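# Descriptive analysis of the structure
Given next are the chains, with one letter for each unit.
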Amino acid sequence: MMGENVETFNVGINTVDVVNFLAAREVFVEGSEMVRRAKTLRAVPGLRQAKLMLDRSGAIPESCDYFDLVFAGVRINSTHIPYLRKVQKHWRLGYGNVNFDWDEKARLVRFSLLF
């Protein structure tokens, strides 16, 4: 259900929520719609926070291993959305296009404070 937390954990002084952006019975939405929903859900960290979280990836719980952790705070006119994905045993930074469809494997990242 949209806005439902999948996981909550701490990275430094920040509490991180991993949040679902799909509405009931949706299988996917286009990236531009996901970004719009991210603003509504206050889940708008961007590339800077994705890189910092990648540096602290040991704090990401195993329960998040299945998900792409999406940092949807993209700038106006930006066509790429940063995300973290676990590949084998390591988290990697990737970029998805705002025109791509994003499915139930993707989850928005929301911070209590932006570091």
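Residues numbered from 1 in each chain as written. Predicted model: local features only at pLDDT ≥ 70, side-chain atom pairs only at ≥ 80, totals over all residues. Heavy atoms only, no water.

This paragraph deals with the overall build of the chain. Along the backbone of the chain there are 2 helices and 8 strands. Helices (α) and strands (β) of the chain occur, in sequence order from the N terminus, as β-β-β-α-α-β-β-β-β-β. Radius of gyration (C-alpha) of the chain: 13 Å, near the 13 Å computed for a compact globule of 115 residues. Along the longest, intermediate and shortest principal axes, the C-alpha atoms of the chain span 30 × 30 × 30 Å. A burial count over the chain gives 43% of its 115 residues as buried. (Helix = DSSP H or I, 4+ residues; strand = E, 2+ residues; numbered from the N terminus. Rg over C-alpha atoms; globule rule 2.2 N^0.38 Å. Buried < 20%, exposed > 50% of the residue type's maximum accessible area, 1.4 Å probe, protein only.)

For the rest of this paragraph, the subject is the packing of aromatic side chains. Tallying each qualifying case throughout the model produces 2 aromatic pairs. Between the aromatic rings of tyrosine 66 and phenylalanine 67, the centroid separation amounts to 5.4 Å while the plane-to-plane angle is 75 degrees, which identifies the pairing as edge-to-face. Residue classification places tyrosine 66 among the partly exposed positions, given a relative accessible area of 49%. Between the aromatic rings of tyrosine 83 and tryptophan 102, the centroid separation amounts to 5.9 Å while the plane-to-plane angle is 80 degrees, which identifies the pairing as edge-to-face. In this pair, tyrosine 83 sits in strand E5 (residues 80–87) while tryptophan 102 sits in strand E7 (residues 101–103), placing the two residues 19 residues apart along the sequence. Per residue, the accessibility class of tyrosine 83 equals that of tryptophan 102, and both read buried. We note lysine 105 situated over the ring of tyrosine 66; from NZ or CZ to the ring centre the distance is 5.6 Å. (Phe/Tyr/Trp six-rings, centres within 6.5 Å; stacked < 30°, edge-to-face > 60°. Lys NZ or Arg CZ within 6 Å of the ring centre and 35° of its normal.)

Turning to the sheet that holds strand E8 (residues 106–111), a few remarks are in order. With mixed pairing, 6 strands are arranged side by side in an open sheet as E1-E2-E8-E4-E5-E6. Whereas interior strands pair on both sides, the edge strands pair on one side only; in this sheet they are strand E1 (5–11) and strand E6 (90–97). Taken over all neighbouring pairs, the strand axes of this sheet differ in orientation by 30 degrees on average, direction set aside. Each of E1, strand E2 (14–19), strand E4 (68–70), E5, E6 and E8 is contacted by helix H2 (residues 47–55), which is oriented at about 160 degrees to E6, the strand it contacts most. (Pairing = 2+ DSSP bridges. Axes fitted to C-alpha atoms, helices over the stretch in contact; angles between N-to-C directions. Contact = heavy atoms within 4.5 Å.)

What follows concerns the pattern of salt bridges. Within the structure shown, the criterion is met by 7 salt bridges. Between glutamate 33 and arginine 36 there is a salt bridge whose closest N-O contact spans 2.5 Å. With glutamate 33 and arginine 36 both in helix H1 (residues 31–40) and 3 residues apart, the pair spans about one turn of that helix. Judged by its relative accessible area of 22%, glutamate 33 is partly exposed. According to the relative accessible area criterion, arginine 36 is partly exposed, its value standing at 46%. As a salt-bridge pair, arginine 85 and aspartate 68 come within 2.8 Å of each other at their nearest N and O atoms. On the criterion of sequence distance, the pair formed by arginine 85 in strand E5 and aspartate 68 in strand E4 is long-range, its members being 17 residues apart. Look at arginine 85 and you get partly exposed, because its relative accessible area is 33%. A single salt-bridge network, built from bridges that share partners, covers Glu26, Glu33, Arg36 and Arg37. (Salt bridge = Lys/Arg side-chain N within 4 Å of Asp/Glu carboxyl O.)

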